[in-house]
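What follows is each chain in one-letter form.
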Amino acid sequence: MDNTEGEEDFSDVPDSLLELYSDEGDSSALLQADYVPPPPEVTVLHVGSETVSLEFESSSSSVKYKLHVDYSCNTQRGRVDTDHRDSVEIKGLKPGTEYTFNIKRISENGTESKVTSLSVFTEPVPPTGIKVSNVTSESMSLQWDPPAGEVESCTVTCCSGGETVEEMTTNTNSVTFSSLKPGVSYSLHVSAQLRNGTTSPPASITVKTKNDLESLLEDLGLTPYYREKLTLSKILEIDEKTITDVPVKSKSDLPWYFLKKLMMVNVTARNMKCTSAFESTYDDSSGSELDFSDLLVSPKTGDTLNPLDIITALFLCSDAFVQQEMTLKMSMCQFSVPLLLPKCDTEQCTLMLWAMRDIVKKYRPPALSQSKGFIEERIVDSQVPMISFVRLGNCSLSKSEILNKLLSNSQQYHDTFVDHNMEGGDSPKRISNGLTEITWYLPGGNTDIDLFNQPVAVANLHGDIASFETQYSFLCQTSAAVFVFFDNLEFDCKLFTNQNQKAQIFLVGNIESKNVTSNALKSVATKLGLRKNNIIIKTEETKNADFIKRFRKTVCDVVEKPQMKMPIANMVDIAHELGILVDEDSPECQAGKKSADGITKEIQNLFQYKDEQLPLQGQTWKELTRLEKEEFRLKKVGSKNVEMYKSDLEQQKEELRKKQNSYDMSPAMTCFINAISRPGIERCYFLKWMRMNLDNVSRLKLSALRELYKEKCKDSANKEEVKEIDRQLSNSSLGTEHFFREMGQIYEASLSLPQTDPSRQQLQHLPKLCAQLLLDRFPLELVDGDASNIPLRWVSEVLTQLNHLVSPKNKIRVVTVLGVQSTGKSTLLNTMFGVQFAVSSGRCTRGAFMLLIRLNEDIKREFGCDFMVIIDTEGLKSPELAQLDNSYEHDNELATFVVGLSDITIINIAMENSTEMKDILQIVVHAFLRMKEVGKKPKCQFVHQNVSDVSAHEKNLRDRKLILEQLNEMTQAAAKMETREENKSFTDVMEYSPDTGNCYVPGLWNGNPPMAPVNVGYSQTLYDLKKNIIQQLRECVSSADDLLQFKEWVTSLWNAVKHENFIFSFRNSLVAEAYMKLCTEFNGWEWEFKKAMYSWISNAETKISNFGTVAAQSEISDMEEFLTQLKRKATTELSKWENKLLDNLEEYFKQTDGHVYLVEGYKEEFKNSARNIRRELENSVINQLIAAVDIKRGLKEVDKIKENHTKEIEKAVSGLIADCTKNVQMTDEVLNEEFDEMWSETLKKMSFSELKRTDVFTDVSHYLRENVSYKGSHACELLNKKPLQEFGLAAFKYKPEGLLKDITHTVMHWFKGQDLIKARQKVADNIIAACQDSITEKTKRKTNYHNTYIQEILRIIDDMLNKADVDTDIEFDLSLKQHICAVAARNFQRMQEDFMQANDPKILLDKNKEKFCADFNDLFHKRDQCQKKAEEFTEQCLKPAVEDFVYRSLGTNITDEMMKSKAFGTRTSFQGSVLMDLLSKEDFNSYLSCICNYEDYVKTWILGQTKKHFSDASKTSGYEEAHLKWSIKNIKDAMKKAKSEKSADLKTFVEHICKELGDKLVISQDALGAFMILNNADREQFADWLTESVEKMEETLKKKFECTTFEIKLENLRVNPQTELFNRVVGCGKQCPFCKVPCEAGGDKHKDHFASLHRPEGLGNSRWDSSKKLVTDMCTSLVISDLRFRCSATNKEWHPYKTYREIFPDWHIPPDGSLEASNFWKYVMNKYNRDFAKAYKAEPADIPETWGKITKQQAETSLKNSFNMS
């Protein structure tokens, strides 16, 4: 036990010791002696890993001693004290450590005995933390934590099956075992051994080595995909490796390298080797230049993987669809493909039937050589003999090499199988032994080239057949012959005597093998029953070529007369018997096959089947297409009423939809929809089976038709039959796209049913199904190739659902291909992107299909998109369409549509036909020109097919120049057709470089099909093209569209191409949205500009008002100089804001998002508008400065007079006070009498002069005469007829004078269809209203008249007359100006009178008389004036100034607030808001007012909206309070500063305050002058009282503002919100020349006028001359019809509506973007038809029947769509 405090216990001392010393003294003395006997004998009782027990020999002594045990090792020390006599246990020791124990006795007095010592090792413990790593098929590493204690070494034993495999001793904590067996469990035991030889118990762990498959998958990085298989989506997604040429640096790169190459059908795909391995083998830097020893050494290949292992691993890690795609691409490369795929971890194999299902081969047997016919069939269904090649034991002949030579002719050698001469071919196989590959040799009908006249399948089993008996048995039962390669004839003949064996056996040996002797051959042949011909031996003398020739002859004999032909599809039963798995046995595959077979087995007659099972897409759909296009083109309207005609078309469409809805869903479509509704994998199988089954059916039909076609063509008398067969050939295609097309038609037809109809509701899930299929890599048909139409609602809903499925990852880039039919467009896309557009023989693409490819997460951010959309299109210049009149139109439509959807368009050109190339270029240029005009900027890449020369790029320099010349020529032709003749060259249309914009692609095949592989140059060139295209997409400046925006492009582009004139018909909500955003931004910048200048001019006018007074801050004393300075500052300020506005525009157009690029064409217009704003503001500001200075200058003399008068009054009052003070007893009444007498006497002495008056009428007349002087003498004569004073006395009524004028107007009315008098009156009313607003705004200022006012009025008149769409003459213009000028002169004269009176010195003195009298009394009685004067100064000087400032500022605040509303964002949004408000009111008079008096109605509406918005006083109180606080703060700051100046008297103190406020507030000089006299207030007390008065003023004004109505506030505002808002939204004021809707274009300097929604002309009072009925025609329909119009602009001549721009070049009137767009006005006219007729004194219109079906909800929807309202 350990020592403790307190009394110690002692052990008994032996009696013998006491006896020994008894003679020397008593016992007590002895106990005190120094000697203590040593401890008794110590024995180690027990040793553990952490404890040691010591035992002591027992003692009989009664003397007690304490035992003290010290123990230690290198790292630990301790002590134990105990009184136990027998034993002690020491705990807490370290395992495996040598401890020294020192034991001694201690007596009671502390005397110690000698020490007894001994050493003990604690027991070692087993190693801990044991773990295994780097487990491979042959090795593993073992690690453990360093054992505790003094361990000398560790012993590791590897055991298997109870036997020791290997034992290793190590002084580290890790070992590696190698040379192990794959897939074997090993137990590993680790023991620690101490220095003393003691060994710990072993720590054990059991580990299984990886089998060869696991090991290889780990090396290749494919382990995760062994369970979760690779999918096509994964291997086809675009990542960094897809577009870079990074060399293979590790084994894990090899599978992706192979897949990347294979998906592009590159025949070098199997040439795989890591760069690092290659470089280490051939390192030029090592050794000296003269050291050639390394050249004699073979490169190390131990680290190189066999390509077959990689291919096998990929097949094992891929799903069925990847396997099928790999097999197809390998077949195209003429690689052998897996027939039996081994799975080495289970020793099973799989028949790869599904993987080969998609391979279709064409060949020409000898029987068809003369007719040039061919056979095309799926290879798994082909009845061709199979010849198999196997190996028995080791073989010195390379079987694969011999097969490659066997299948290659002398002109072209190709490695079909991987042999030892290929890259990695000599590397040991790890998992591919047991792999059976198959390839086919197919004749081309040329006996000089064909090696075999008949088709033959060649199978090759890798590995020894002794190890793969199952595979060998399968080949023996399915092959016509089996060739067995051997070296040793000592084998088990049972392999060859199987009773199920059906194949002939051939032995192939090598004489070089010592085991091959004639006797041995004879013995084997006898046992196997073989003839001499069945044995092929290569002798030493036999040349390789001769051996191959003989070998080939033997194979030919078998092929010519095969004993059996078994299609691969029929080998399934044999595979099942042998326990071989079949990939098609999966439940999903079988379920998909069953569903597909159930649909396709019913097909007997293609045409009949389509009519019965797919009825909706037949003639009904084509008729619907025809009606749709006619609605958009109106080619057959003739003389009919356009809207009636369109209504009839709409009714016909409704009837056709009813007809479609009358069909029950066919059994085939029911099965189809049910099948694609199944879970994902089964659905994919089903669609694959469907495609293959339908291809098979179509192929058979095509084959029969071709034969019939050839037969009938022999006789020229069969022209009609030939024509019919030709039509059948074109229509005999039946694919899955037809079923999806039917599904789309079913869905579209259901939309015409009520929303609650069960039939409609049951079909709402169809678009989502199709969207999911898009994500599964199945293409979506955009353009129906048979009907040349797009089911827009179906496609739109599919894209909407797709957006829902992928959002927010919904950004896309689009790549499209265009070109002549059968030039390999689909093959090009399939090769570039690894996709699967249909390329079967006779199945040319019809229409356009889109397909999605994912982008890898790593590069999405860099590309700014999530998917790439690939669009494949039908060939242009199609023979099927060539006979049609509109074939060029069809091609143009398709090209325009897909180019418009694209970011990059690939133009595929076959160089053989220059005429066709020219036609294609014309179509393409037309499309690109159209895109430029609508704001799209796609890029293009010309691909020239079949150019094989390596120097093609240089040699074709002349061709490139020729193409550019042709492009320029085509551009000019297209520009002329589209009336865009400013485009002279192709580079005007788009960025294009002949050097970088062209790609020369070699031919597809390297040799003669069917045995030619894909040309490696073709694949590599397309890979380079792919990299180039992706790089261009990466560098796109504009942001990617999302799927909803793509949907919008689909809709708008297709609607536009359905019109004959695309550019003028194009409408797109994205363009409209981008334009509205630009307008909104520009309007905001414009208002900031105006607001800044309003603030600036307000400040400048304040300074002018205070100029020359005590409040003046300027040091300039000359008014003219001051004006010059202000003008200079104004110019600087205007330039600053103009530049800011222009800079904002530049920055805006630099954006990459928001579709800014779509509106770049408007950039210059908005720049011009910015410059125009500056000009207008500059004129306004300068005029205001001049007017303010001139008025101030005019007041100067009067101010001096008023100052003198004030001084005289002050002097007289002072004198009176002096006189009155002599009589102290004077009462207030007497004082007042004395003051009155003094006042009268003083005024009599003063001389009063008035301000200089201007004869306003004379001045106005002068400027009016000056304004019309350029119009000649007639204008002057008219002016002289009457004085201006006689005009403007009554409302302006225009009436032409004289009989001749009446006749002229009657004739014009007859020609124009409108009353000119009314039109001019309307123009006059609008101009008068605008001028009246300006007059009111001027008179509200209560200032003096200035000539700039009338100049501005005349400018307004001229501007509005120039903008008016009505013809005017000099009489009208002049009479209008005279009227307005007269009205203005009267108002300005009245304003001048009011100003004169307000500034009359005598009136001003009389006004202040009472104040002076009160001051006189105060001074006489010596009363304290401080409080009174402070209140007076506040009330008379500060309060009006503050109130004026608030109202000067409040107008911009109110305008600001209103402009935040969407309604006032742009002219378009305003128009939409007004119409939406009208729709909600349902008030006819409001409609009538809006149509007939638009500007008046709009002004009233704006005022109403403003009042409504600010009906809550709190809306303005915030602004008022802010301005009030700002003013009070400045006043207080001015007072504080004035106090600090320590002015001697009150006058100086007040002047300091006024000076500080001089540039902020306009302080009345009259009030200030009156305040200054008769004032004896103390400065200090005045200042205190002033502070209190200012605070009271703040509260008083706050209450006053709260009590003031909003209407009164509006009257006091300096900036009129109504006017500002009106000016923003009214725009240029132009109206549609036909229906009179206002222009909505942004900016003031736009080139084209446009409106979002036009209306029936009858709403503008147009009527038929004969019937007087209101007209229902709409200009958006008329401009696409063949009807004509006439008006004064056409000189009364009839002119086609289609070319209206020749007459009205500045108006852009596109047809309705959709046929529902104008539903709003149709609804209005239908509802109020009789009301409008009554108001216009006309007969009600004949309303089309379909208009009556339009609901209010539909009208509202049309408004929202037309004006992009949410």
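These numbers come from a predicted model, not from an experiment. (Residues numbered from 1 in each chain as written. Predicted model: local features only at pLDDT ≥ 70, side-chain atom pairs only at ≥ 80, totals over all residues. Heavy atoms only, no water.)

Draft legend 1. Region of interest: the overall build of the chain. When you go through the chain residue by residue, the secondary structure sums to 62 helices and 35 strands. Scored against the burial criterion, the 1766 residues of the chain give a buried share of 54%. Considering only contacts within the chain whose residues lie at least 6 apart along the sequence, 75% involve residues at least 24 apart. (Helix = DSSP H or I, 4+ residues; strand = E, 2+ residues; numbered from the N terminus. Buried < 20%, exposed > 50% of the residue type's maximum accessible area, 1.4 Å probe, protein only. Contact = heavy atoms within 4.5 Å.)

Draft legend 2. Seen up close, the sheet that holds strand β19 (residues 386-392). As summarised here, the arrangement of the 9 strands in space is β24-β23-β22-β19-β21-β20-β15-β16-β25, forming an open sheet in which the pairing is mixed. A strand with exactly one partner marks an edge of an open sheet, and here the two such strands are β24 (535-538) and β25 (581-582). Pairing of strand β15 (residues 337-343) with strand β20 (residues 436-441), which is carried by 3 bridges, proceeds in the antiparallel orientation. Looking across to β20, one finds that Leu-340 is bridged to Thr-436. Set on the sheet, helix α14 (residues 544-560) makes contact with β19, β21 (456-464), β22 (481-486), β23 (504-510) and β24; between it and β24 the angle comes to about 170°. (Pairing = 2+ DSSP bridges. Axes fitted to C-alpha atoms, helices over the stretch in contact; angles between N-to-C directions.)

Draft legend 3. Representation of unusual backbone geometry. Of note, the bond from Ser-807 into Pro-808 is cis; its omega dihedral lies within 30 degrees of zero at 5°. Along the chain, Pro-808 turns up in the loop between α26 (792-806) and β27 (811-819). For Ser-788, which is not a glycine, the phi torsion comes out positive at approximately 50°. Considering the arrangement of structural elements, one finds Ser-788 in the loop between β26 (780-784) and α26.

Draft legend 4. Main features of the pattern of salt bridges. Under the definition given, this model contains 78 salt bridges. Note that Lys-860 and Glu-857 form a salt bridge whose closest N and O atoms lie 2.9 Å from each other. Of this pair, Lys-860 and Glu-857 both sit in helix α28 (residues 857-863), 3 residues apart, which is roughly one turn of the helix. By relative accessible area, Lys-860 is classed as buried at 12%. Under the relative-accessibility criterion, Glu-857 is labelled partly exposed at 49%. Between Lys-1091 and Glu-1088 there is a salt bridge; the shortest N-O distance is 3.3 Å. One end of the pair, Lys-1091, and the other, Glu-1088, are both in helix α38 (residues 1069-1106), 3 residues apart, so they sit about a helical turn from each other. Several salt bridges converge on common partners, so that one network encompasses Asp-358, Arg-378, Lys-688, Arg-691 and Asp-695. (Salt bridge = Lys/Arg side-chain N within 4 Å of Asp/Glu carboxyl O.)

Draft legend 5. Expanded view of the sheet that holds strand β1 (residues 42-47). On the basis of which strands lie adjacent, the open sheet formed by 3 strands has the order β1-β2-β5 and antiparallel pairing. Two strands lie at the open edges of the sheet, namely β1 and β5 (87-90), each paired on one side alone. Sheet twist, expressed as the average angle between the axes of neighbouring strands with direction ignored, equals 20°. As paired strands, β1 and strand β2 (residues 52-56) are joined by 5 bridges and run antiparallel to one another. Bridge pairing in β2 places Val-42 opposite Phe-56.

Draft legend 6. Just the environment of Glu-1595, in detail. Mapped onto the fold, Glu-1595 is located in helix α56 (residues 1579-1603). Its relative accessible area of 40% is what places Glu-1595 among the partly exposed residues. Along the sequence, Glu-1595 and Leu-1524 sit 71 residues apart, while their C-alpha atoms lie 9.8 Å from each other.

Draft legend 7. Looking closely at the packing of aromatic side chains. One pass over the structure, following the stated rule, counts 54 aromatic pairs. Both rings, one in Phe-389 and one in Phe-483, keep their centres 5.0 Å apart while their planes meet at 15°; by these two values the pair is stacked. With Phe-389 in strand β19 and Phe-483 in strand β22, this residue pair connects regions lying 94 residues apart in the sequence. Seen in terms of ring centroids, Tyr-441 and Phe-452 are 5.3 Å apart; in terms of plane orientation they differ by 75°. Their pairing is edge-to-face. Linking Tyr-441 in strand β20 with Phe-452 in the loop between β20 and β21, this pair joins segments that are 11 residues apart in sequence. (Phe/Tyr/Trp six-rings, centres within 6.5 Å; stacked < 30°, edge-to-face > 60°.)

Draft legend 8. Expanded view of the environment of Leu-763. Within the secondary structure, Leu-763 is located in the loop between α24 (758-762) and α25 (766-775). Sequence-wise, Leu-763 and Leu-751 are 12 residues apart; in three dimensions their C-alpha atoms are separated by 9.5 Å. Residues in contact with Leu-763, not counting those within four places in the same chain, are Met-665, Ile-746, Tyr-747 and Ser-750.

Draft legend 9. The arrangement of the packing of helix α49 (residues 1426-1459) against helix α58 (residues 1617-1626) in detail. Two numbers describe how α49 lies on α58: the axes approach to 9 Å, and their chain directions differ by 40°. Regarding the angle of α49 to α58, the classification is oblique. Seen along the crossing, α49 lies across α58 with a hand that is right-handed. Contacts from Gly-1451, Ile-1454, Thr-1455, Met-1458 and Met-1459 of α49 reach α58 at Pro-1617, Glu-1620, Leu-1621 and Arg-1624. Across the contact of α49 with α58, the residue classes break down as 5 nonpolar, 2 polar and 2 charged. (Parallel < 35°, antiparallel > 145°, perpendicular 65-115°, else oblique. Left-handed = near helix turned anticlockwise from the far one by under 90°. Nonpolar A, V, L, I, M, F, W, Y, C, P; charged D, E, K, R; others polar.)

Draft legend 10. Seen up close, the pairing of strand β3 (residues 66-72). The buried fraction of β3 amounts to 6 of the 7 residues, a majority that puts the element mostly inside the structure. Bridging between β3 and strand β6 (residues 98-106) involves 7 bridges; their strand directions are antiparallel. What sits directly across from Leu-67, in β6, is Arg-105. In the sheet, β3 pairs with strand β4 (residues 77-82) via 6 bridges, with the strands oriented antiparallel. Counterpart to His-68 in the pairing with β4 is Asp-81. Joining the antiparallel neighbours β3 and β4 is a turn of 4 residues.

Function cannot be read off these values alone, since they describe shape.
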